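Report on the structure
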Amino acid sequence: MYSNLLPITTAINPRELGGFTGFNNHKIRMHRLLRTGDLSKMSPEDTQFLKNYGVVKIIDLRSKSESVSHPDPQIDGVQNISIPLSSEEGTLGGENNLTQEAKLYNENPHAAFKMMCDHYRDHVVAAHDQKTVRQVLKILSETEEGAIIFHCTEGKDRIGFAALFVLYILGVDLEVIRHDYLASNEILAEYRAVRDKRFKEAGKNLTFRANMRVLSSASDSLFDTILLTIEKEYGDLETYLRDVLNVTPELENKLRELYLER
């Protein structure tokens, strides 16, 4: 079982990023960085848990339409910040998306994988997405104390993309970051099984259901799509951080000072 799970049941894929080893063997501080999926169905007990845990900011990377239809909880003393990672509306696999892509999903078992690869490439090269990651890093650098949640719908793709850069700047080994990204498969296993059962009972064919499983899964190939796109378009990850995300030595040092144990 993934060891960094938060003990809450009404938010999907909730994790503490504290404890990972970073720069110069300093561990990431606990109660500082949290990643989750949808928070809109939080119970009063879980909401209180997050407040007691020290949460001071919630960064929502979902689209505007998702944020409006499934709003984050309003917690006393917690700042809600909406900065969509993608300029597109909706989430992959959402109802509107399924309607638009229904023909492909029913006929081509690889349609979702191709689309996901395209979206991961877009996250790397799109000016809007780059700006969002820069905003996330700025918010982190300005938060002296307390825990920050950054989340999307399933806590997997958009959060996985942003977390890659946050953890890498903090000095976490790239393969550890990959493992954290892939952990969504284990954590979301029951969620995916319930979703698949619902599609099966609705009469969806196996090709459609295979595509839906792809949309709700993390993949080495998708993680590598980020790295390969960066290598092809920008040279290497360090260059991308410096020249695209504007990660200066001062910002890097500030983030390490704030989020790594001394």
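Placed above this text is the structure.
Let me begin by describing the structure that accompanies this report. This one's a predicted model, so the numbers in the text were calculated from it and none came from an experiment.

Conventions used here
- Residues numbered from 1 in each chain as written.
- Predicted model: local features only at pLDDT ≥ 70, side-chain atom pairs only at ≥ 80, totals over all residues.
- Heavy atoms only, no water.
- Buried < 20%, exposed > 50% of the residue type's maximum accessible area, 1.4 Å probe, protein only.
- Helix = DSSP H or I, 4+ residues; strand = E, 2+ residues; numbered from the N terminus.
- Pairing = 2+ DSSP bridges.
- Core = buried A, V, L, I, M, F, W, Y, C linked by side-chain atoms within 4.5 Å.
- Contact = heavy atoms within 4.5 Å.
- Expected span 1.5 Å × (residues − 1).

**Some thoughts on the pairing of strand β5 (residues 147–151)**
Across the 5 residues of β5, 5 count as buried, placing the element largely inside the fold. Of the two faces of β5, both are covered, the one formed by Ala-147, Ile-149 and His-151 as well as the one formed by Ile-148 and Phe-150. Two strands pair when backbone bridges link them, and strand β2 (residues 33–36) and β5 are joined in this way by 4 bridges, in the parallel orientation. In the sheet register, Thr-36 faces β5, and the bridge partner there is His-151. Sheet topology note: the strand β3 (residues 55–60)/β5 ladder contains 5 bridges and is parallel. Paired with Val-55 across the two strands is Ala-147, which belongs to β5.

**Concerning the nonpolar core**
If you look at the biggest cluster of nonpolar residues, it comprises 58 residues, and the most contacted ones within it are Ile-59 and Phe-165. Counting residues per element, this core draws most heavily on helix α6 (residues 158–169), which supplies 9 residues. For Phe-165, the residues in contact, after removing those within four places along its chain, are Val-133, Ile-230, Leu-237, Tyr-240, Leu-241 and Leu-245. Counting 14 residues, the second-largest nonpolar core is a separate cluster that includes Leu-34, Leu-39, Val-55 and Ala-147.

**Looking at helix α4 (residues 111–125)**
Its 15 residues place the ends of α4 21 Å apart at the C-alpha level, agreeing with the 21 Å of an ideal helix rising 1.5 Å per residue. For α4, the complete set of buried residues consists of Ala-111, Ala-112, Met-115, Met-116, Cys-117, His-119, Tyr-120, His-123 and Val-124.

**What to know about the side chain of Thr-47**
Residue placement: Thr-47 occurs in helix α1 (residues 44–53). For Thr-47, a relative accessible area of 16% puts it in the buried group. Filtering out sequence-adjacent residues up to four positions away, Thr-47 remains in contact with Met-42 and Ile-75.

Function cannot be inferred from these measures alone, as they are strictly geometric.
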